[in-house]
Structure formats: C-alpha cells, structure tokens
Amino acid sequence: MHDDSHSRSGLNWARAQALLQQERACFIARNPRSQALARRAAQHLLFGVPLHWMNDWGTPFALQAVQAQGAHVVDADGHTLADFCLGDTGAMFGHSPAPVAGAVAHQAARGITAMLASEDAAVVGDMLSARFGLPFWQFAMTASDANRFVLRWLRAASGRRKLIVFNGCYHGTVDDVFVDLKGGRATPRTSLLGQVHDLTDHTVVVEFNDLAALEAALALGDVACVLAEPAMTNIGMVLPQPGYWQAAQTLIRRHGAALVLDETHTISCGPGGYARAHGLQPDAMVLGKPVGGGVPCAVYGFSAEWAERAVRAKHSAPPGHSGIGTTLSGNLLAMAAMRATLSELMTDAVYAPMLALATTLADGLRDCIARHHLAWCVTQLGARTEFQFRARAPRNGSEARASLDAELEHLIHLALLNREVMITPFHNMMLVCPATTPTHVQKLINAFDEVLSDICTG
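What counts and what doesn't
- For every chain, the first residue of its written sequence is number 1, and the numbers climb from 1 along that sequence.
- Owing to the predicted nature of the model, reporting of local features is limited to residues with pLDDT of at least 70; listing and counting of side-chain atom pairs is limited to 80 or more, with chain, interface and lining totals taken over all residues.
- No hydrogens and no water enter the side-chain calculation; it runs on all heavy atoms of the structure.
- By this definition, two strands are paired if DSSP reports at least two bridges between them.
- In this text, helices come from DSSP runs of H or I with a minimum length of four residues, and strands from runs of E with a minimum of two, each type numbered from the N-terminal end.
- Note on method: axes are straight lines fitted to C-alpha atoms, helices fitted across the in-contact stretch only, with angles between N-to-C directions ranging 0 to 180 degrees.
- For this analysis, residues touch if any pair of their heavy atoms sits within 4.5 Å.
- By definition, a salt bridge exists where a carboxyl oxygen of Asp or Glu is found within 4 Å of a side-chain nitrogen of Lys or Arg.
- To sort residues, take the accessible area from a 1.4 Å probe on protein chains only and compare it with the maximum for the residue type: under 20% means buried, over 50% means exposed, and anything in between is partly exposed.

Let us now look at the pairing of strand E3 (residues 80-83). Pairing geometry for strand E2 (residues 72-75) and E3, over 3 bridges, is antiparallel. For His-72, the partnering residue across the bridge sits in E3 and is Ala-82. Here E2 folds back onto E3 in antiparallel fashion, the turn holding 4 residues, of which Gly-78 has a positive phi close to 85 degrees.

Laid out in structure tokens, this is it:
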C-alpha cells in the first residue's frame, strides 16, 4: 500500500487539490471537439474507447488524436503536443518515421498478407541474428503473443512446467505472469479479469535483485525459464544492482533453466537492447512494439541449443495445431516495416542523439526537483527517463510499487497536457525519439517546473 505522506512531503496538498480542479476545468474548456467525439464513441465502444486502458490518462474524457508525426501529436482541437509518451514505446523512433512509412506504403500496394514467406523475412532474420546474437527467430503480432509463444516452446523443449517472474513485472497480457508477492506469498493479481485457474501452480515470483530468492526458486529443478525485463519498467523503473545479472545468468544455467529477456522497453538502451549494451547472453529474447516502427509486430529468438530443443519437441509432438502463432504473424506488411526499422532506425547513429538528449532531460528534471526540495529521484534507461516519488531509486518491485501515487501522477500528467506536453499515463515515464529536440525537452522541464511551483510548500 502506498504511503502518501512520503511522496507528498514538501507539497501543499490542499493547493494541489485546488490545482487539480482548475486543470480539469481547463482541459474541458480546451477540448470541446475531443469531448464531443468521446461522447459519440461512448454510444458503441465499451468504456467509450477502443481499449479500456485508454481511460488511464486521468483526463475528464479521452483525448482524441487526429495526427501523429515525429515527436508531436495533434489532437482533435488542434493542439500540437510535444509527445514524450510515444505510444508507450510503440513509436520510440518517432511517429510515422519516413523509412517505415515509405516501406509500408510500398508494400501495401503490393500485398499486405499472404500467409507466405518473403525475401524481407530472410533479411530480417539475418539482421536480428547479427544484432542480438541469437541465431533463430520467429514472429508474432505483439510482444504479449511473443512471450506467450516463447513460454510454450520452452516448456515443451524442457519438459518443465514452472515459470519464474519478478514481483511487479509486466509482459503484456500473458496470464502466467500476473502473480505478485503479498506478505511474501505468491498471489494471483486481483486485477486479472476472468482468470479461473490458480496461476501459482505454475508461476513462481521472486523479488528483482534478490539472488538468494532466485536460487531457492530454481533449486527444485522444475523451472523451464526465467522471464524478465533486464531492467524493470512497468512498475516504475528498477535497475539491476551491479553484478546481479552476471550472477543470475550463472544460477539459471546451473539449474537447467532458460533465461528469456523481454527487451520491448529496454531496447531504449541501444540498437542491441540492454543485453548487448551490458554483455548479457540470454537463451531467448522478445522484442515487440518498436521493432516495426509502430506497425503491429513482434519477434522472438532462441540460442542454437534451445532452438534445437524446440524443433525436436515440435517434430516429436502429434500432428495438429501447436497453439503457437496466428494467421497474421509474419505478414508481408510487418516484414517490410521491420526491415526498414532495423536497417534505418535502430542504428548507432540514430540512438546517439536520443541517448544524449535523454540525459539532458534527466539532468533537467533532477535540477527542478532539487530546486523544489522534493525527495524524488530520476532514473534513466537509455532514451527512457522516469521520475519517482522516493528519495532513492527502488531496488525491487515492492519498493517501486510503494512509491506510486496515482492521484499525484494524474494531477501532474493532466497539468502537463494542458501545457501541451504529454508523458506516459502509467507512472511517470518519458521517452525521447529521433525527432525530439532540445526545445521539446526544455518545454517539458519548464512545464514540470511550473506545476511543481503551484503545488509545493515553498
């Protein structure tokens, strides 16, 4: 449970509550067209939006987008927003980047899907293998599907049923991972709708950065794989402690399990993700959202050993549907988008200014927080930056969860939106893309400073 007194130390909460009401009124006044479209959508869209979590922004009604280009989103009322959300990483290389837009337009005119292989697929496989050091790959539509498929392959390949995840993790909509530690016990996450099976029968959950807990969970010899982000990003950013992954990799292999790294968010670290930047050697990896420049697609790859075991499992299984893959997986349009993204966007030359500008943003946020005498920290993960309502960066999911404050987040996010700056609605994450400029960064810092000036006690 969150302790409001900690994150709100140094704030005038009565003033913050008053500001929230002002910002809500301002948002309503600024966005009549969005409000009208939201009312129209409510007639036939469940929850009034295409997906229910689009209501998580903390706005009085859903903001409606009409255009997204580069580092900007234009809403239905004509406001141009400096976008640091970037589709929660889906548009990490900017909205509608020219190489991807061109490749998609070209391919769409020639064919969108055929359930057949193509030259682009072979080229993408070559590039993935060279980039990430894993020799064999398959495709999916989303990282959720890719994670789900990897779990099936590795359970089949190992003959083991158990999965280890970290407390507070998120790997898309894979049911198996919705297990948390509560009072030291694994407990299915109560927010998971409609799940009727006891997930704890096959899912073990431990704290991130706790080697002893990881070793104890592995010791029974029934774990197929450990599924992890190399740095946690969805409960609030949690970075690995020095030496953690080197030791963890040794433990996982010693006990015959596979290490699967979900780099969907941590690809912000560089063209080879966190693993390549820090010398990790996973047995399998997953990459979703950004790999197609925003076009729905995902990839997953295996080491030679685990690929051989997966193929053997498939060949020894009875004929019929494997439960892995969907009709549109590896479609022609997605392959063209991935080829363009991997060859022209996911490069050192593109990343270098992104990483530098993210550092400028992180430093600017720290300076602002210090000026207002707040006990908050700022964490950076490549092109990704986040401020958290605690004095020191969290070491695990429990500490990160304890620092969340949904009411304070919604206030800050709404106030920034009214100042034409957009950050991710889930905790306080920000991304910079190739189209982000120092002017955009300064606009965010100035808006953040203005909001803090309105709610701090000083």
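What follows continues from the structure just given.
We now examine the sheet that holds strand E16 (residues 429-431). Spatially, E13-E14-E16 is the arrangement adopted by the 3 strands of the open sheet, whose pairing is antiparallel. The open sheet has two edge strands with one neighbour each: strand E13 (377-381) and E16. Strand-to-strand twist of the sheet, defined as the mean angle between neighbouring strand axes without regard to direction, takes the value 20 degrees. Both strand E14 (residues 384-388) and E16 contribute to a ladder of 3 bridges, which runs antiparallel. Each bridged residue has a counterpart across the sheet, and for Glu-386 the counterpart in E16 is Met-429. Packed onto the sheet, helix H12 (residues 348-371) meets E13, E14 and E16 and runs at close to 175 degrees relative to E13.

Further remarks concern the pattern of salt bridges. Tallying each qualifying case throughout the model produces 22 salt bridges. Two residues, Glu-215 and Arg-254, come together in a salt bridge whose shortest N-O distance is 3.7 Å. Placement of the pair is Glu-215 in helix H7 (residues 211-218) and Arg-254 in helix H8 (residues 244-254), with a sequence separation of 39 residues. Judged by relative accessible area, which is 34%, Glu-215 ranks as partly exposed. A salt bridge links Arg-371 to Asp-449; the nearest nitrogen and oxygen atoms lie 3.1 Å apart. Remark: Asp-449 occurs in helix H15 (residues 438-455) and Arg-371 occurs in helix H12; sequence separation between them is 78 residues. Taken together, the shared-partner salt bridges in this structure form one network comprising Glu-23, Arg-419, Glu-450 and Asp-454.

From the geometry alone we can't say anything about function, so treat these as descriptive.
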